[in-house]
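# Fold and geometry: a report
Letter by letter, the chains look like this.
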Amino acid sequence: MIKRLFNFQGGIKPDSHKNESAGVPIRPAPLPARLTVPLRQNARSVARCIVEPGQHVLKGQRIGEAQDFLGTAVHAPSSGTVIEIADHPMAHASGLTTRCIVIETDGDDRAVPMAPFDYANTDRLTTLGYLRDCGVVGMGGAAFPSHVKLGSGTGIDTLVLNGAECEPWITCDDRLMRERADAILRGAKILRELIGARHTLAGIEDNKPEAIAAMQEAAKGIDPAIQIVPVPTRYPAGGEKQLIRVLTGIEIPQGKLGSAYGVQCFNVGTAHAVYRAITFGEPVLSRVVTLTGNVEHPGNFDTLIGTHVDALLPLAAPQADTDRYILGGPMMGLALTDLSVPIAKGSNCIIASSPALFPPAPPERPCIRCTACASACPAGLQPFELYWYSRSRNFGKAQEYKLFDCIECGSCAFVCPSHIPLVDYYRYAKSEIWARERDTKASSEARERFEFRNYRQEREKAEKAARLAAKAAETKAKMAQEGSAPENADDAKKALIAAAMERARQQKAAAPAVTGNDTPVPDPTAALPVKPTEDAAASTTPPDQHAQPR
Amino acid sequence: MIHSPYIRKPTSVQRVMLNVLLALTPGIAAYVWQIGAGILVNLLIATITAAAAEALVLRLRNRPVKLAVSDLSAVLTGWLVALAFPPIAPWWLTVLAVLVAIIAVKHLYGGLGQNPFNPAMVAFCAMIVAYPSLMSQWPPAGGLDFGTQLQLILGGARDLDAITSATALDALRTGLRAGAGSVEAIRQTGTFGMLGGRGWEWIGLGYLLGGAFLLARRVITWHMPVAFIITLALVSAALWAFDPARFAPPWFHLASGGAMLAAFFIITDPVTGATTPRGKLIFGAGVALLAYLIRNFGAFPEGIAFAVLLMNICVPLIDMKTQPPVFGQRGGRAP
Ligand code: SF4
Ligand code: SF4
């Protein structure tokens, strides 16, 4: 059956450079002496550390626990001793450090016992909790927790499996599909059953014929509901929304989740991780990383999470004129400023860059309004207008022109004849807007604090007044008892009662929050969302939350 | 710090401009073949003036000179001025026009990318107002040898009426206003060819070829030329059907004057045109409609330059009102 495909607007066709690294099978990267496992998994969530320095851990042992909505567990990728829990630089645009568990490996690679998980006879929520505790996140780059995506409810018709891998140079998904199509498709079947979808569409760019063939071959025996669909090679066809569009025709607007439109998208690497977690009880301990670019031996390496980039690089033997390294693809990747950063679950590729391979951009020229950028924009934006408003700091206008619909795919900058680093301007504008929002939030919090202080002062005043009144009443009562006019006794009693009542009221007001003492019982699925709020993809969510095209 | 993307398409402003200059060559070749080589002299004068003016202004504005002059945008403006002007315009007229275009229209507004008005068209309008007679003396196709053309350009004595003629648009208009008979009768005279002005049809064809090249190279999008040509054809067909004795047929309008040059090279100037797809359609159609009205009812035989300037004024409004829907806003499953 020939699947009808849809077109997404815009897009570009950069040289794919896949051949460099796609020819060699995936090799395991050697066990490094030290693993630095980040506790932070995404922009919003940090796992809680449950080990202590000096403690010996086994491979697969849980060392970090999910503690909030978007949290997932973290595991020791190999056996060894926890030597430190410290802040360490991470590969992130912000350049911020994050809390990491540093493990000195003992070379035994001894594992905790792992057992298959019988998801067929378990209720859905428990299965999702299990995946969360196996640390399964999106392996396509965004590292969005899979159990959250899976939890977004039923009524989903189609599971989209993302094997497009549209970013040039990266081949980890390509190799994974060639070599482990079976595992991927079994994982996809589990995912499909978990979201209750009727069919699965696996989109693979047609520049990967081997991967397509392998997947088609494997699909035959596994799940008749899976269809392997070659899609035209055009960046960013691997963007989640672009791929959904190509395969189903559905356009999911910015800020909306696929589940609302009956589709849900997972990366092939994620499907693979789900398969390993369910079938072998193995949490996410490693991932395939492409090492390519200006290197002697490009290839793909099965790399333990937490392996330092500089420990990994010698495997590919970078050439002498390499001047920097890019984590991710050349369209959306991040130039590493620190090579000691660890490989995280979303780190898919490291490209050695040299001035010859990635020449610096020619000098920036004025925008000539040629609209080449608009023709290339997959989000349907007018990038030059965004550029203009970002540059002139007219952020309101930039938002009017849908700045936050920009997925930072870089297509506009790629085609711009004036060599304007357009995406930099958008990042700048977005961060300025976030900063302003934070400021507004901070100031409104300050106002709240101020109002609370006023309230407290008022309350204290009232209490003082009440105390004084009570005292006066007491004195009066005493005087009455000491034999003054008997008619006063009643008054004194009244005053006493009034004062007591006033005290009681004050006490009540002082502790408004305490309504009872029913301490919440810890619930194993407490952090498990049944339905992610729309907020998870709200309009000004930092980019980490967006699925990145790759 | 350097940010993504780390790769770029091998393109530049210079390449874009070079493509446009290249696309003009078939039209220029037809020009030389039909009218004579005088146009080459004017093109040369315009090129030198444009480059010198650009360099001078950039120098005064303390901008990198070499980079900006080598982007060829000024040269393109110069070429468009030369091609819009009579090929026997005296050298100083071309120089003056190019100076106006580069200094007053482009750089006083901030330089490349900033000017709201099409520089070549402002220069054209300014000169037609200031020197109406010089701007309306055109050599008849094949009527002047290169020596005479060169002499005229370099400022030789002008025995005007003997050697020059009006353009086809001008001749038709004068003829109609003088009551010299119907459109068909007037079009029998030597100024006219099969479709438009004699010889000019071929030049128009050359520009059309160049335009196709630009479309194929994606230097321009189809919207403006298509909207321009269709609108011009439709309005002229409507009035021609209404009264063929007073209104020329659509092919005459399309093949005469600067219609083809405008369709592919002038209205498509990115800096001063509309930018959204629908906006481009409106812009192209607007220029065609206004140009047609001016040709038939206005004070000048050729109205494209004025029409372009009028539409330039509307660009911000057009752009604002025609913002295309973004991804996900078009709704549903439309293919
Ligand atoms: S591609 Fe560059 S020069 Fe062209 S309109 Fe966009 S920003 Fe301006
Ligand atoms: S980076 Fe943003 S504006 Fe540029 S092409 Fe991609 S989505 Fe469009």
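Residues numbered from 1 in each chain as written. Chains lettered and ligands numbered in written order. Predicted model: local features only at pLDDT ≥ 70, side-chain atom pairs only at ≥ 80, totals over all residues. Heavy atoms only, no water.

### Considering the packing of aromatic side chains
- By the definition in use, this model includes 15 aromatic pairs over all chains.
- Residues A:Phe117 and A:Tyr130 carry aromatic rings whose centres are separated by 3.9 Å and whose planes lie at 10° to one another, so their mutual orientation is stacked. Taken as a pair, A:Phe117 in the loop between β10 (97-105) and α2 (124-133) and A:Tyr130 in helix α2 lie far apart in primary sequence, 13 residues in all.
- The interplanar angle of 75° and the centroid separation of 5.2 Å between the aromatic rings of B:Tyr31 and B:Trp200 together place this pair among those described as edge-to-face. Separated by 169 residues along the polypeptide, B:Tyr31 in helix α1 (residues 13-34) and B:Trp200 in helix α12 (residues 200-216) bring together distant segments of the chain.
- Pairwise contacts between aromatic rings join B:Tyr31, B:Trp138 and B:Trp200 into one cluster.
- Residue placement shows A:Lys149 over the ring face of A:Phe266; its charged tip is 5.2 Å from the ring centre.
- The ring of A:Phe8 carries the charged tip of A:Arg234 above its face, separated from the ring centre by 4.3 Å. (Phe/Tyr/Trp six-rings, centres within 6.5 Å; stacked < 30°, edge-to-face > 60°. Helix = DSSP H or I, 4+ residues; strand = E, 2+ residues; numbered from the N terminus. Lys NZ or Arg CZ within 6 Å of the ring centre and 35° of its normal.)

### Quick word on the site of ligand 2
- Contacts to ligand 2 come from A:Cys377, A:Pro378, A:Ala379, A:Pro383, A:Cys406, A:Ile407, A:Glu408, A:Cys409, A:Gly410, A:Ser411, A:Cys412 and A:Tyr426.
- Among the residues making up the shell around ligand 2, the classes are represented as nine nonpolar, two polar and one charged. (Near = heavy atom within 4 Å. Nonpolar A, V, L, I, M, F, W, Y, C, P; charged D, E, K, R; others polar.)

### Observations regarding the interface of chain B and chain A
- Across the contact, 41 residues belong to chain B and 60 residues belong to chain A.
- The contact between chain B and chain A buries some 4,100 Å² in all, and 56% of this surface belongs to carbon and sulfur atoms.
- At the junction of chain B with chain A, the criterion picks out two salt bridges.
- Here A:Arg369 makes a salt bridge to B:Asp319, at a shortest N to O gap of 3.5 Å.
- Applying the counting criterion to the chain B and chain A interface returns 15 residue pairs in polar contact (both at pLDDT 80 or more).
- Of all the elements in the fold, those that place two or more residues in the side of chain B that touches chain A are α1, α3 (65-69) and α17 (304-321) of chain B. (Contact = heavy atoms within 4.5 Å. Buried area = accessible area lost by both parts, 1.4 Å probe. Salt bridge = Lys/Arg side-chain N within 4 Å of Asp/Glu carboxyl O. Polar contact = N/O pair within 3.5 Å; in protein donor to acceptor, adjacent residues only side chain to side chain.)

### Quick look at the domain arrangement of chain A
All names here are of chain A.
- Each assigned domain of chain A is listed here: domain 1 (19-353) and domain 2 (365-474).
- Between the C-alpha centres of domain 1 and domain 2 the distance comes to 31 Å.
- Between domain 1 and domain 2, the residue contacts involve six residues of the former and nine residues of the latter.
- Interface area, domain 1 with domain 2, both sides summed: about 620 Å², of which 57% is carbon and sulfur.
- Area buried by domain 1 at its contact with domain 2 is led by Gln-254, Met-331 and Met-332, which between them contribute 61% of it.
- Summed over the shared surface of domain 1 and domain 2, the result is zero salt bridges.
- The interface formed by domain 1 and domain 2 holds two residue pairs in polar contact (both at pLDDT 80 or more) in total.
- Of the residues contributing to the side of domain 1 that touches domain 2, the split by class is four nonpolar, two polar and no charged. (Domains from an automatic or database assignment.)

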